[in-house]
Amino acid sequence: MAVQAALTGHLVFSTLHTNDAPSAVTRLMDLGVPSYLISATVIGVLAQRLVRTLCRQCRQPDEAAAREALEAAVHPWKIQGDWKPYRPVGCVDCRMTGFMGRMGLYELLTVTEGFKERVLQDPAMGRLRAQAVADGMRPLRLAGALRVAEGLTTMDEVLSATPPLE
C-alpha cells in the first residue's frame, strides 16, 4: 500500500526493522516489493540506534583508551581532531551506573541514481552498502565513533549498538 501511494506522488514515511539503512532495500524485497518499484519510490532511508551517554558528573578521562582501537573500529575512515575518551565511573546522580540518558546515532542513505541502478542490477547487500558509502552515507559505527571522540559515550556502547563495517 505504501509503495502504491508513493507511485502516485504521495510522500510516505514508514518504519522497518533493519540493522542499517541499506538493509531496508533487502527487507522490502523480502516483503515482496519488486526491485523496480523500490528503485522508483524510495528516496531515502534513515537508520538510528540509541546508546547510553556518559554521566557528566562522574565520567573520568580514559587513559587506557587507545586512539588506534577507535580508528581500527571505523577503518577505512579516519577520526580527525581532538580525542577525548572518557570512562563511566558511577555516582549518586547516575545511580552508580556511570551513564545518564541516551543519545541517537544516525545513518542517512540518500538514494542516488547510482544506488537506484545498483538496486535494479545487483541488489546484493554488500554492494548496496558499498554504493551507499560511495554516495556519501556515513555508517552508524562511524557516527558512534565520533561521539566517543567527543567524550559523550564509550566505544563499548557503540560496538554493542551498531553493525560492523564491511
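Residues numbered from 1 in each chain as written. Predicted model: local features only at pLDDT ≥ 70, side-chain atom pairs only at ≥ 80, totals over all residues. Heavy atoms only, no water.

## Re the overall build of the protein chain
Looking only at helices and strands, the protein chain has eight helices and four strands in total. Across its three principal axes, the protein chain shows a C-alpha extent of roughly 55 × 30 × 25 Å. In the protein chain, which comprises 166 residues, the proportion classed as buried is 38%. Taking all contacts inside the protein chain whose residues are at least 6 apart in sequence as the whole, residues at least 24 apart take part in 74%. For the protein chain, the accessible surface area stands at approximately 9,800 Å², while carbon and sulfur atoms represent 52% of it. (Helix = DSSP H or I, 4+ residues; strand = E, 2+ residues; numbered from the N terminus. Buried < 20%, exposed > 50% of the residue type's maximum accessible area, 1.4 Å probe, protein only. Contact = heavy atoms within 4.5 Å. Areas by Shrake-Rupley, 256 points an atom, 1.4 Å probe, with all protein chains shown as cover.)

## Quick notes on a nonpolar patch on the surface
Together, L11, F13 and I43 line one region of the surface with nonpolar side chains, adding up to about 410 Å² of accessible area. Residue placement: L11 occurs in the loop between α1 (2–7) and α2 (23–30). A residue is classified by how much of its surface remains accessible, and L11, at 61% relative accessible area, is exposed. (Patch = residues over 30% accessible without salt bridge, like charges linked within 9 Å, V, L, I, M, F, W, Y side chains within 5 Å. Salt bridge = Lys/Arg side-chain N within 4 Å of Asp/Glu carboxyl O.)

## Some thoughts on the pattern of salt bridges
In total, this model carries five salt bridges according to the counting rule given. Two residues, K116 and E113, come together in a salt bridge whose shortest N-O distance is 3.7 Å. You can see K116 and its partner E113 sitting in helix α5 (residues 113–121), three residues apart, about one turn around the helix. Two residues, D122 and R127, come together in a salt bridge whose shortest N-O distance is 2.6 Å.

## A word on the environment of K84
Turning to its location among the elements, K84 is positioned in the loop between α4 (67–73) and β3 (86–87). You can call K84 partly exposed: its relative accessible area is 41%. Between the alpha carbons of K84 and A65 there is a distance of 9.5 Å; along the sequence they are 19 residues apart.

## A word on the environment of G151
Along the polypeptide, G151 turns up in the loop between α7 (140–149) and α8 (155–161). By relative accessible area, G151 is classed as buried at 0%. Between the C-alpha atom of G151 and that of L16, which follows or precedes it by 135 residues, the distance is 31 Å. Those residues in contact with G151 that sit more than four places away from it in its chain are L54, R59, K84 and Y86.

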